[in-house]
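An overview of the molecular structure
Here is how the chains run, residue by residue.
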Amino acid sequence: MRPHHQERHRTERIGWLRAAVLGANDGIVSTASLVLGVAAAEATRSSVLVAGAAGLVAGAMSMAAGEYVSVSSQADTERADLARERGELAADEPAEREELASIYRERGLAPELARQVADQLMAHDALGAHARDELGISAALQARPVQAAFTSALTFAVGAALPLLLVWLAPADWLVPAVAGISLACLAALGGLAAQAGGARIGVAAIRVVFWGALAMGLTAGIGALFGTTVS
Ligand SMILES: [Zn+2]
């Protein structure tokens, strides 16, 4: 049973880590792209900083709002499903018992064993068994909107702080290569870290995230250069 146990732990950890890495990735990519775009329009360091700081706050709030809304609606759905299931259990327990047994039969258990499993699981925690095996809601996956919103905003802000810090500290001539290079290196490291935690291939994950990051930065820098020369 040991491999199965480890596997489950890995999946649980991935949920958290994945959300954190995705938030930081978004923060780095969007803020680095934003400051590179403004810098390419020949802006002063202070206007690049203002744009980057505004991007940090706007991005963190938009991540929080988006995550809150999406996780809340998921939580509403789960709550409604559980309430309906609770009602069905109270109204017609034998039918629910048969429903659960049929789920186990479809998964490959012999009819007699499926009946026994349904009986024992329902004696232990009837609603829990139906939530898990009929609705697919497990304790580890239960939606927590406020926590999700806060985590997204925080990890985005941490990621966004990196290119901002580089804008603040880098010598003027080195601003663009420093922001682009160090941001891409951090993206690669984060992508590799997430892949390693999930047991996936590190190199592929790092290349993937660097490709999309470089594409975003290249595009915004191009737009900035274009507008910088035509508008001003
Ligand atoms: Zn049911």
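Reading the values: the criteria
- Position numbers for residues count from 1 along each chain, tracking the sequence in the order it is written.
- Predicted model: local features are reported for residues with pLDDT of at least 70 only, side-chain atom pairs are reported and counted for 80 or more only, and whole-chain, interface and lining totals are derived from all residues.
- Hydrogens and waters are ignored; side-chain quantities use all the structure's heavy atoms.
- Here a strand is any run of E in DSSP of at least two residues, a helix any run of H or I of at least four, and the numbering for each starts at the N terminus.
- Buried, partly exposed and exposed residues are distinguished by accessible area as a fraction of the type maximum, computed with a 1.4 Å probe on protein chains only: under 20%, between the cut-offs, and over 50%, respectively.
- A contact between two residues is defined here by any heavy atoms of the two lying within 4.5 Å.
- Methods summary: accessible areas were calculated by the Shrake-Rupley approach with a probe of 1.4 Å, and residue burial reflects only the protein chains presented.
- This count recognises Lys and Arg as positive and Asp and Glu as negative, with His and chain-terminal groups excluded.
- In plain terms, the charge of a residue is placed at NZ if it is Lys, CZ if Arg, CG if Asp and CD if Glu.
- Two rings from Phe, Tyr or Trp (for Trp, the six-membered ring) form a pair when their centres are within 6.5 Å of each other. A pair whose planes differ by under 30 degrees is stacked, one over 60 is edge-to-face, and the rest are tilted.
- A donor here means any N, O or S atom no more than 2.8 Å from the metal (3.2 Å for Na, K and Ca); water is not included, so a site may seem to lack partners.
- Values of pLDDT, which run from 0 to 100, indicate the predictor's confidence residue by residue.

1. Overview of the overall build of the protein
- Each helix and strand in the protein was counted, giving 7 helices and 0 strands.
- Secondary structure elements of the protein occur, N-terminal to C-terminal, as α-α-α-α-α-α-α.
- Projected onto the principal axes, the alpha-carbon positions of the protein cover approximately 75 × 35 × 25 Å.
- Burial status across the protein gives 34% buried among its 232 residues.
- Looking at the protein alone, contacts between residues at least 24 apart form 73% of all its contacts between residues at least 6 apart.
- A total accessible area of about 13,600 Å² is found for the protein, and carbon and sulfur atoms account for 66% of it.
- Within the protein, the 22 negative side-chain charges are centred at a point lying 8 Å from the centre of the 17 positive side-chain charges.

2. Looking at the environment of Thr-77
- Relative to the helices and strands, Thr-77 is located in helix 2 (residues 45–91).
- Judged by its relative accessible area of 46%, Thr-77 falls in the partly exposed class.
- Between the C-alpha atoms of Thr-77 and Cys-186, which are 109 residues apart in sequence, the distance is 37 Å.

3. Observations concerning the environment of Thr-31
- The topology assignment puts Thr-31 in helix 1 (residues 2–40).
- With relative accessibility at 1%, the residue Thr-31 sits in the buried group.
- Taking the C-alpha atoms as reference points, Thr-31 and Ala-161, 130 residues apart in sequence, are found 8.2 Å from one another.
- The residues touching Thr-31, leaving out its near neighbours within four places in the chain, are Asp-26, Gly-52, Ala-160, Pro-163 and Leu-164.

4. Focus: the packing of aromatic side chains
- One pass over the structure, following the stated rule, counts 1 aromatic pair.
- Ring plane angle 85 degrees and centroid distance 5.3 Å describe the contact between Phe-211 and Trp-212, whose orientation is recorded as edge-to-face.
- Note on Trp-212: relative accessible area 56%, which makes it exposed.

5. Re the coordination of the zinc ion
- Ligation of the zinc ion by protein atoms is provided by Glu-85 (OE), Glu-96 (OE), Glu-99 (OE), His-130 (ND1) and Glu-134 (OE), these donors lying 1.7 to 2.4 Å from the ion.
- One chain supplies every donor to the zinc ion, and in sequence these donors are spaced E-x10-E-x2-E-x30-H-x3-E. With His-130 and Glu-134 both in helix 4 (residues 111–135) and 4 residues apart, this pair spans about one turn of that helix.
- Its relative accessible area of 0% is what places His-130 among the buried residues.
- A residue is classified by how much of its surface remains accessible, and Glu-134, at 27% relative accessible area, is partly exposed.

6. Comments concerning the confidence of the model for the protein
- Across the protein, the average pLDDT comes to 88, with 91% of residues at or above 70.
- Across the protein, helix 3 (residues 93–106) holds the top mean pLDDT of 95, while helix 1 sits lowest at 77.
- Considering only residues more than four positions removed or in separate chains, one finds that residues 1–6, a stretch of pLDDT under 50, has 0 contacts.

7. Quick look at unusual backbone geometry
- Positive phi, normally seen in glycine, also occurs at Glu-42, with a value near 60 degrees.
- For Glu-42, the location among the structural elements is in the loop between helix 1 and helix 2.

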